[in-house]
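Analysis of the macromolecular model
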Amino acid sequence: MKAKFRLWLPLLLVVVLISGCTLFSGEPGKAKVSLKMVDGTPITEAEVRLLSGTKEVAKGSVNTEGIVELPAKAGSYKLEVTVQVIGDPIQIEESIAIERDKTTTKSVTVENVGVLTLTFKDKHNYETDGGNVTLKDSNKKVLSEKSGVKQEAVYVLKTGAYYIDVQKDGGVVENYEVTVNAGANAVTIPLPVATIVNVASGQPYRLYKPFEPQYADSGGELTDGQVGTTAYNHEAWVGTLGSREQPIEGKLWQILVVDLGEKNEISEARLICLRNVGPGIQTPQALTVAVSNDGVEWEVFDRQEYAQPDDLTVHTLRYTLEAEARFVAFYIEQVTNWLFLGEVEVDGILGGGQPAEGDLDEIDLLAIFNLP
Ligand SMILES: [Ca+2]
């Protein structure tokens, strides 16, 4: 036992000595390099090398704050900064003196670099996606092509003149000229496109036959964006009975009118319905759509038939039309006594509405379709 301890003791001493030496000899220093544009915008695409003469000592890429940390022994070094602008990279040389155990901060301002942030607006001044965006230099040589651009496209560039092409939904912008100054540049490009949205969302409506109390509409349920599951007792379904009135031409029916609030250019009307054959719920077999700007004069479009989908489905019936309308009415021909509606939707142009006089409550629903 004693002999073993005598052997371990010198070994322990050596270990303590070595760690002590390391502790007092000090760590190498560090260069903390921060790259900025003239307005303080960080440069986030750059590589920094630390050189002793021509020998590379350390290198690294800047982070999203434009900062890179490079360790090195104390001494004087050359700092080589390569900014990855689109086109030819920009190279800058600086010098830095690193002290032992210390972080030496060096801030480098790159004069002739700017960041260009493109955003896009539609015809009615609403933000929209960019689609396919091409960046060209002042000689119209292509520098970058991006597809599927969402809200913005960002480029780090040398200062100067550039051209932008944008293609989105058949709308084309060619050679939109932009000037990139040093620092941050924000440019919004107007696109000749309209944004299609559901203009019936949140709007009032009327049903000729009221909902049944067990499948009630708590108010606005047909334009609230919520659709039930295939369970007929899901609270989002609004259930009505065709047998509340006499059949017309042997068919049970319902009339629904939605008020878009303004005159809109519309392109499709939709009803979202439930098919659940067990409890006797099928989707409509035909729709006739009519439109009006005042609720008095109506334009009735062709009757359109629909096949039954597979059972247990939340099904969308689509009716394509081109019209200008504040009011959109549906004459719904039912297969079963029950009609379960989830949502009425109408595609129109975001921001494209025009004022139109009319009163939903005053509309004679039967008169729209010349019904007795
Ligand atoms: Ca709904």
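Residues numbered from 1 in each chain as written. Predicted model: local features only at pLDDT ≥ 70, side-chain atom pairs only at ≥ 80, totals over all residues.

**Brief notes about the overall build of the protein chain**
The condition that has to hold: Under the DSSP-based scheme used, a helix requires at least four consecutive residues in state H or I and a strand at least two consecutive residues in state E, with every element numbered from the N terminus. With C-alpha atoms as the basis for the radius of gyration, the globule rule is written as 2.2 Å multiplied by the number of residues raised to the power 0.38. The burial label depends on the number of other C-beta atoms within 10 Å of a residue's C-beta. Counts of 20 or more mean buried, 12 or fewer mean exposed, and intermediate counts mean partly exposed, with C-beta atoms placed from the backbone. Two residues qualify as being in contact provided that their C-beta atoms, derived from the backbone, are within 7 Å of each other.
Secondary structure assignment for the protein chain yields two helices and 23 strands. Here the C-alpha atoms of the protein chain give a radius of gyration of 35 Å, more than 25% beyond the 21 Å that 2.2 N^0.38 yields for 372 residues. Counting only C-alpha atoms, the protein chain reaches 105 × 75 × 30 Å along its principal axes. Looking at the protein chain as a whole, 30% of its 372 residues are labelled buried. In the protein chain, the share of contacts with a sequence separation of at least 24, taken over all contacts with a separation of at least 6, comes to 71%.

**Re the sheet that holds strand β1 (residues 29-37)**
To be explicit about the condition: The pairing criterion for strands is at least two bridges between them, as found by DSSP. Angles shown run from 0 to 180 degrees and are taken between the N-to-C directions of axes, each axis being a line fitted to C-alpha atoms and, for helices, limited to the stretch in contact.
Taken together, the three strands give an open sheet; going across it, the order is β4-β1-β7, and neighbouring strands pair in mixed fashion. The two strands at the open ends of the sheet, each matched to only one other strand, are β4 (67-72) and β7 (103-110). If you compare each strand with its neighbour and ignore which way they point, the axes differ by 20° on average.

**Concerning the domain arrangement of the protein chain**
Defined as follows: These domain limits were set by an automatic method or by a database of domain assignments.
Assigned domains within the protein chain: domain 1 (29-110), domain 2 (113-193) and domain 3 (198-368). Placing the centre of domain 2 and that of domain 3 at their C-alpha centroids yields a distance of 42 Å.

**Points about the sheet that holds strand β13 (residues 160-168)**
Taken in spatial order, the four strands of this open sheet run β11-β10-β13-β14, and their pairing is antiparallel. The sheet is open, and its two edges are formed by β11 (142-149) and β14 (171-180), each paired on a single side. Across the sheet, the axes of successive neighbouring strands diverge by a mean angle of 20°, strand direction being ignored. Note: strand β10 (residues 131-136) against β11, five bridges, orientation antiparallel. If you follow Leu-135 over to β11, its bridge partner there is Ser-144.

**Section: the environment of Tyr-205**
By the secondary structure assignment, Tyr-205 is in strand β17 (residues 205-207). Given 22 C-beta atoms within 10 Å, Tyr-205 falls into the buried group. Sequence separation of Tyr-205 and Val-142 is 63 residues, and the distance between their C-alpha atoms is 52 Å. Contact partners of Tyr-205, with chain neighbours within four places excluded, come to Leu-222, Thr-223, Leu-256, Val-257, Val-258, Asp-259 and Val-344.

**Overview of the nonpolar core**
Note the cut-off: Core membership is restricted to buried Ala, Val, Leu, Ile, Met, Phe, Trp, Tyr and Cys residues, and these are joined into a nonpolar core through C-beta atoms within 7 Å.
In this structure, Leu-256, Val-258, Val-328, Ala-329, Phe-330 and Phe-340 are the most contacted members of the largest nonpolar core, which totals 44 residues. Going through the elements one at a time, β17, β19 (253-275), β20 (286-292), β22 (313-333) and β23 (338-349) are the ones with two or more residues in this core. Broken down by element, this core gets its largest block of residues, 11 residues, from β19. The residues touching Ala-329, leaving out its near neighbours within four places in the chain, are Ile-255, Val-257, Val-289, Ala-290 and Ile-368. Among the nonpolar cores identified, the runner-up in size contains 34 residues, and Leu-50, Val-83, Leu-135 and Tyr-162 belong to it.

**Points about the pairing of β20**
The buried fraction of β20 amounts to five of the seven residues, a majority that puts the element mostly inside the structure. Where β20 and strand β21 (residues 299-305) come together, five bridges link them in antiparallel fashion. Within β21, the position partnered with Ala-290 by the bridge is Val-300. By the bridge criterion, seven bridges tie β20 to β22 in an arrangement that is antiparallel. In the sheet register, Leu-287 faces β22, and the bridge partner there is Ile-332.

**A word on the confidence of the model for the protein chain**
The cut-off we apply is this: The pLDDT score gives, residue by residue, the confidence of the prediction method on a 0 to 100 scale.
When pLDDT is averaged across the protein chain, the result is 93; 93% of the residues are at 70 or more. The low-confidence segment residues 16-25 (pLDDT under 50) makes zero contacts with residues lying over four places distant or belonging to another chain.

**Examining the environment of Val-85**
On the secondary structure map, Val-85 appears in the loop between β5 (75-83) and β6 (90-98). Using a count of 23 C-beta atoms within 10 Å as the deciding quantity, one classes Val-85 as buried. Along the backbone, Val-85 and Asp-137 are 52 residues apart, and their C-alpha atoms lie at a distance of 12 Å. Discounting residues that sit within four places of it in the chain, Val-85 has contacts with Ile-90, Val-113, Val-156, Leu-157 and Lys-158.

**Some remarks on the environment of Gly-87**
With respect to the secondary-structure elements, Gly-87 resides in the loop between β5 and β6. Here Gly-87 falls in the partly exposed class, since 16 other C-beta atoms lie within 10 Å of it. A C-alpha to C-alpha distance of 50 Å links Gly-87 and Pro-355, two positions 268 residues apart in sequence. Contact partners of Gly-87, with chain neighbours within four places excluded, come to Asp-137, Leu-143 and Lys-158.

**Looking at unusual backbone geometry**
A negative phi angle characterises most non-glycine residues, just as the trans form characterises most peptide bonds. The backbone of Asp-101 sits at a positive phi, close to 65°, despite the residue not being glycine. Here Asp-101 is to be found in the loop between β6 and β7. Even without being glycine, Asn-175 reaches a positive phi, approximately 50°. Looking at the element boundaries, Asn-175 is found in strand β14.

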